[in-house]
Number of protein chains: 4
Amino acid sequence: MQVALVGVNGYSGMTLYRLLKQHPAVDQIKLYGHTDSKPTTLAALVPVFQKETVRVRSFDAATVMAENDVVFFATSAGVTKTLALPLIAANFPVIDLSGDFRLRQPDVYETWYHQTAAPVAALAKASYGLAEFNHHLTPYVANPGCYATATLLGLAPVVQQHLIEPTSIVVDAKSGLSGAGKKLSTTSQFTMVNDNLQLYKLNQHQHIPEIMQQLQQWWPKVPALEFTTTLIPVTCGIMSTIYAKAAQPTTTAELVAAYQQVYQDQPFVQVLPADDLPTLKQVVGSNDCAIGVNYNPITNTILIVSVIDNLMKGAAGQAVQNFNQLFQYPATAGLPDLPVFP
Amino acid sequence: MQVALVGVNGYSGMTLYRLLKQHPAVDQIKLYGHTDSKPTTLAALVPVFQKETVRVRSFDAATVMAENDVVFFATSAGVTKTLALPLIAANFPVIDLSGDFRLRQPDVYETWYHQTAAPVAALAKASYGLAEFNHHLTPYVANPGCYATATLLGLAPVVQQHLIEPTSIVVDAKSGLSGAGKKLSTTSQFTMVNDNLQLYKLNQHQHIPEIMQQLQQWWPKVPALEFTTTLIPVTCGIMSTIYAKAAQPTTTAELVAAYQQVYQDQPFVQVLPADDLPTLKQVVGSNDCAIGVNYNPITNTILIVSVIDNLMKGAAGQAVQNFNQLFQYPATAGLPDLPVFP
Amino acid sequence: MQVALVGVNGYSGMTLYRLLKQHPAVDQIKLYGHTDSKPTTLAALVPVFQKETVRVRSFDAATVMAENDVVFFATSAGVTKTLALPLIAANFPVIDLSGDFRLRQPDVYETWYHQTAAPVAALAKASYGLAEFNHHLTPYVANPGCYATATLLGLAPVVQQHLIEPTSIVVDAKSGLSGAGKKLSTTSQFTMVNDNLQLYKLNQHQHIPEIMQQLQQWWPKVPALEFTTTLIPVTCGIMSTIYAKAAQPTTTAELVAAYQQVYQDQPFVQVLPADDLPTLKQVVGSNDCAIGVNYNPITNTILIVSVIDNLMKGAAGQAVQNFNQLFQYPATAGLPDLPVFP
Amino acid sequence: MQVALVGVNGYSGMTLYRLLKQHPAVDQIKLYGHTDSKPTTLAALVPVFQKETVRVRSFDAATVMAENDVVFFATSAGVTKTLALPLIAANFPVIDLSGDFRLRQPDVYETWYHQTAAPVAALAKASYGLAEFNHHLTPYVANPGCYATATLLGLAPVVQQHLIEPTSIVVDAKSGLSGAGKKLSTTSQFTMVNDNLQLYKLNQHQHIPEIMQQLQQWWPKVPALEFTTTLIPVTCGIMSTIYAKAAQPTTTAELVAAYQQVYQDQPFVQVLPADDLPTLKQVVGSNDCAIGVNYNPITNTILIVSVIDNLMKGAAGQAVQNFNQLFQYPATAGLPDLPVFP
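Residues numbered from 1 in each chain as written. Chains lettered and ligands numbered in written order. Predicted model: local features only at pLDDT ≥ 70, side-chain atom pairs only at ≥ 80, totals over all residues. Heavy atoms only, no water.

A closer look at the relation of the copies chain D and chain C
Of the transformation placing chain D onto chain C, the axial shift is 0.0 Å and the rotation is 180°, giving an RMSD of 0.0 Å. Here the symmetry operator amounts to a two-fold rotation axis. (Least-squares fit on C-alpha atoms with pLDDT ≥ 70 in both.)

So, the relation of the copies chain A and chain B
Look at the two chain copies: a rotation about an axis and a shift along it is all it takes to match them. Overlaying chain A on chain B yields an RMSD of 0.0 Å, the required transformation being a rotation through 180° with an accompanying axial translation of 0.0 Å. With an isologous cut-off of 70% or more, the 100% of interface residues of chain A that recur at the interface of chain B puts this contact in the isologous class. (Contact = heavy atoms within 4.5 Å.)

Describing the interface of chain A and chain B
Listed as interface residues are 40 residues of chain A and, on the opposing side, 40 residues of chain B. Looking at the side of chain A facing chain B, the largest losses of area belong to Leu197, Glu226 and Tyr243 of chain A, adding up to 17% of the total buried there. Our count for the chain A to chain B interface comes out at 2 salt bridges. For Lys174 of chain A, the salt bridge identified is with Asp172 of chain B, shortest N-O distance 3.1 Å. Put simply, the parts of the chain that give the side of chain A that touches chain B at least two residues each are β9 (170–175), α9 (190–193), β10 (198–200), β11 (226–231), β12 (238–245), β14 (289–296) and β15 (301–308) of chain A. Tallied by class, the residues present in the side of chain A that touches chain B amount to 20 nonpolar, 14 polar and 6 charged. (Buried area = accessible area lost by both parts, 1.4 Å probe. Salt bridge = Lys/Arg side-chain N within 4 Å of Asp/Glu carboxyl O. Helix = DSSP H or I, 4+ residues; strand = E, 2+ residues; numbered from the N terminus. Nonpolar A, V, L, I, M, F, W, Y, C, P; charged D, E, K, R; others polar.)

Overview of helix α10 (residues 208–218) of chain C
Structurally, the α-helix is built with 3.6 residues per turn, so residues lying three or four positions apart point the same way. All names here are of chain C. α10 sits mainly inside the fold: 9 of its 11 residues count as buried. Every buried residue belonging to α10 is among Ile208, Pro209, Glu210, Ile211, Met212, Gln213, Gln214, Leu215 and Trp218, and all of these are buried. Elements in contact with the buried residues of α10: α6 (106–113), β7 (126–128), α8 (146–160) and β11 (226–231). (Buried < 20%, exposed > 50% of the residue type's maximum accessible area, 1.4 Å probe, protein only.)

Some thoughts on the sheet that holds strand β2 (residues 28–32) of chain C
Residues and elements named next belong to chain C. Read across the sheet, 8 strands follow the order β3-β4-β2-β1-β5-β6-β8-β7 without closing on themselves; strand pairing throughout is mixed. Looking at the sheet topology across the chains shown, the edges are occupied by β3 (40–41) and β7. Of the strand pairs in this sheet, strand β1 (residues 2–6) and β2 are connected by 5 bridges, and their pairing is parallel. Looking at β2, one finds that Leu5 is bridged to Leu31. Along the sheet, helix α12 (residues 312–326) makes contact with β1, β5 (70–73), β6 (94–96) and β8 (140–142), crossing β6 at roughly 160°. (Pairing = 2+ DSSP bridges. Axes fitted to C-alpha atoms, helices over the stretch in contact; angles between N-to-C directions.)

Focus on the interface of chain D and chain C
Many descriptions give the size of an interface as the accessible area lost when the pieces come together. Taken together, the contact pairs 40 residues of chain D with 40 residues of chain C. At the junction of chain D with chain C, the criterion picks out 2 salt bridges. At the junction of chain D with chain C, the criterion picks out 20 residue pairs in polar contact (both at pLDDT 80 or more). Mapped by element, the contributors of at least two residues to the side of chain D that touches chain C are β9 (170–175), α9 (190–193), β10 (198–200), β11 (226–231), β12 (238–245), β14 (289–296) and β15 (301–308) of chain D. Taken together, the residues that form the side of chain D that touches chain C break down as 20 nonpolar, 14 polar and 6 charged. (Polar contact = N/O pair within 3.5 Å; in protein donor to acceptor, adjacent residues only side chain to side chain.)

Brief notes about the domain arrangement of chain A
Residue and element names in this part refer to chain A. Domain boundaries in chain A define domain 1 (2–124) and domain 2 (147–310). Contact with domain 1, which involves 11 residues of that partner, is made by 13 residues of domain 2. Here domain 1 and domain 2 share an interface that buries about 990 Å² over both sides, 57% of which is from carbon and sulfur atoms. The interface formed by domain 1 and domain 2 holds 1 salt bridge in total. Between Glu210 and Arg102 there is a salt bridge, with its nearest N and O atoms 2.8 Å apart. Taken together, domain 1 and domain 2 are joined by 4 residue pairs in polar contact (both at pLDDT 80 or more). Elements with a minimum of two residues in the side of domain 1 that touches domain 2: α1 (11–21) and α6 (106–113). (Domains from an automatic or database assignment.)

Shown next as structure tokens:
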């Protein structure tokens, strides 16, 4: 299996490279930059990978398809909507970690991403790769966003089974700094992040529409959700703390049973026993999503806590999961099943 | 003014000592431990205060009253309910930073603190010192808890003015580790806290009943609130992120105006302009509470973000505020008005 | 006392503003930017100081002197060497926190700062304000660098008293990120600093020449010193870990006695007892320097650990100390004497 | 290959379990506690490994040897000196991560570990497994300590080739908190570690004698070394910053060439190019040691910076390296070759 990786210099791309290097089905990884990027090496782009002298070449669709069996794009929003069009036309296998093909409706993309969308015909050929729920991938997989993954896996059972009041969902999501990428900004300086908490993109986070798109596919009665994002002083990890009013009185034990039933065959979802809620350390370094649920009878509120490593299950790990599914490798091939602890 | 401080070895006590030392009205601070504690020095109890050779003596109510004009208790729950009784009987001025006299009903105390309450007659003589809202303090001031302070200051305008659905309040509170005190535990070890988030005391935090007691005094229709606490990897700082459905459609500007009106004369509450939400850095090191509000018309949800330094406004700083009020010193005497930044 | 502060937007400037606001002798602080800066407010420049609506005006030497009694410059290297010349000509009192007037020899400045130096005549009128050792300040005080302060206070006794081999000094200095200033860089991003250590400016740090200038004034036989700087994941604090061979065998007790004798009248230097070494927490938030010493007879090595808060004793705090000395206020006026702990 | 692991509940043990699980030659891992420990499961001992329901049984030497091909001990000092004796007697393959068999001389062990040593005859059968330098392992491998590994790999070329003054070595070592283990202590609480630096075990760290033993084997003229350890606010990672006077003037380029020559065939040692010094991030998560060297002609000092992940190359990773060597598997089998970044 010859694998192409476009955009290795971002955090998702680096993580993907590290995973693919140890994937048993991958023979070789070829690296590509933008169409007009100068040839370089991985070591030059990512200094901590000082040993990796593999070349990074500029991207040319025809060459990339000729030399490889699959392409991973770990590029920023706005790149694949043009760069990937020849691959879509050729039905060439692609895993796209960016947001360009996650939203079916071009106007929604344009509202949230503040740029023109990919052509409708191209969008129609992409499938949204929320790995635990999409078992019929097209060759073009739109890998979900990190917040979307944590939140959707947390909400799936109660939304699919109509266990909550659909107008009552509140998501208080917290993310480490690697989710913000490598771009320099005041917000991401150590002196602003250390010993601090910062809310950002209030009601404007671009993962909101892909969450809504999927929730409404599961249950059209969900009209919207309150969703905030808070930067926390950690490098990796997302916690989605989710609150919703129960449709009718329930118990924690019933909820845990419902979650266990939904996820019983999923190697990468841990449903915790009643009265246990996950910490980031439970998943960071692995491809797992860990979920704890609780029912508070005094407020009739269901609490769901869903945690992932934003670069693993929230990006590169889920991309490998989708790759495994697309090529019918074992679900867990090449993916670490234990967190790095401590 | 001769000031007694009981319990200097805890984080609140240390902070209080530091504040009182620079208070213009304080001539001398005398330190006391438990009734049967061995005489020692502050330097021996708190190694970073290596220069402070002031003695710490064992507590004797009569002596303490004879030698001082006021007593601060920075002791754990369960201490003042017996130790302070002679002072209450004598109507001696006390600022109590513990939870023992915050709850009026003994059975509520016993449910949440898992121990017997102070006598009813003693409880009746204490006043709850939420400094911005209680202007008629009795000589025995029960200083509010840290989560309670952040949450109540955040909720006061919308609860007092009935701007929200009273059954819809969700509080996602985050706290740094100094709130957990000095006691050694797995949860507070660096390896468990660094790069991690941990929820704790789910629906069982002892600050919930004092929040409810105050909210119901403001508006009896508030039946309960969903309240979670998450440990974050910072030393000081609490953020209460509060969500509630609006009673009727509103705007962010209207909400900001309401908050500004409530807090316009309060030197220690900052109401941020519309579209601005506070970070911990905005308050840590000062006695301020900073509050940002936002209305999301899509979900009809009011978001309130309230931040404090848990050891300042959430403990020692508010204690000094109450001391100033009790003795009619200027409200800001001895209190830093700027955060330590960076 | 009317005080001017130029450069409030940097970390040293913010800290200085906070200290001067609570200084008993300061009536008013006027803020100035660069000569051609647009009028603005402190709140606009430093968002966490949201309450401070004080104006920041552009700098004009004549106006500044007319309106104030003293000027603090908290500007980057290269600013005062031109901006301050009219003030020097007028013998106007200035505390300069930058490096422009610390080095007597223009060529040394030019080698280490990579720009032209101030005129020799101006340099000659400045005095190096290492507060514990310079008691004859000229009106123009060059406030020492942060690494220089920690290192010089740590070395003073053993160098002045010739207790070490002068060729054997090794300084392994560690600093938090606030020392690196506000400028955005890859090195200061949270993702590069958190969970990491980074050496920087190897043998090229601009504080080396001011350390050498002072050491050679104390003992001309010190030819050079090995000096490394490592960025650590903290916001504030410098630790200078200093190693030198003993000139002749000694004991820890003798060394402690020597240090205590040198610093016995200094309110801001703590000499720790034998077998105790300081942590950053012992000083951060205060203007103190804490020093621990140890003699290892097996290697005949003297170990000195000297810690300061780089923005306090290493910048703004020492500036206030020099201000107090220049105007004969009490040494401790306006300066916190206890660290912020936890 | 059936593998036994004793002591999975410590940080080294957890890490070892994670590595062995993905080792291609390992068929099954059996877990053992102390001789009298109650049967339990890994999930119960290590909550973040919630999925691992594998049993942990009490240790019985005969059973362990009967059921396994090799035993890893990740136990505290003082355990294997008795527990492992039957395995030594049987020449059974053992990798011992503790310090019990690293020192050849019982009196040295007793001086530094403050307890009685293993029998001399048993000590004589152990080999010190500094993987890059010991190619003739006996069946009982004493895996080196974390500080010892970083320091010895950093010093090997200059000591073996007599490039330094042997009396001039100074090691300023910094370590993250996972090196201190899981034991609760004031020193390892988040509030004491965050934003702080703490020196500990001054001149008393138990890794000093194993460093000296190896250095003197390479060059008997090295009499001692100055060695300090500082706790830094990170979870994983050790940096040994090493200073020594050059035996004669040299250049950075010559030094780099010497290091490259020594380590050219070593897959887990990265020698950085001249003027580059490693950060922790360059190695944490991998089994690498990265080394940068520099010569300062002004002070005639050689600076060596050596970094490792203390739980990988400093413990579990090197243990797997030794396992690979003992059983003649490829050197890199089962070991990650890229750091986890960010």
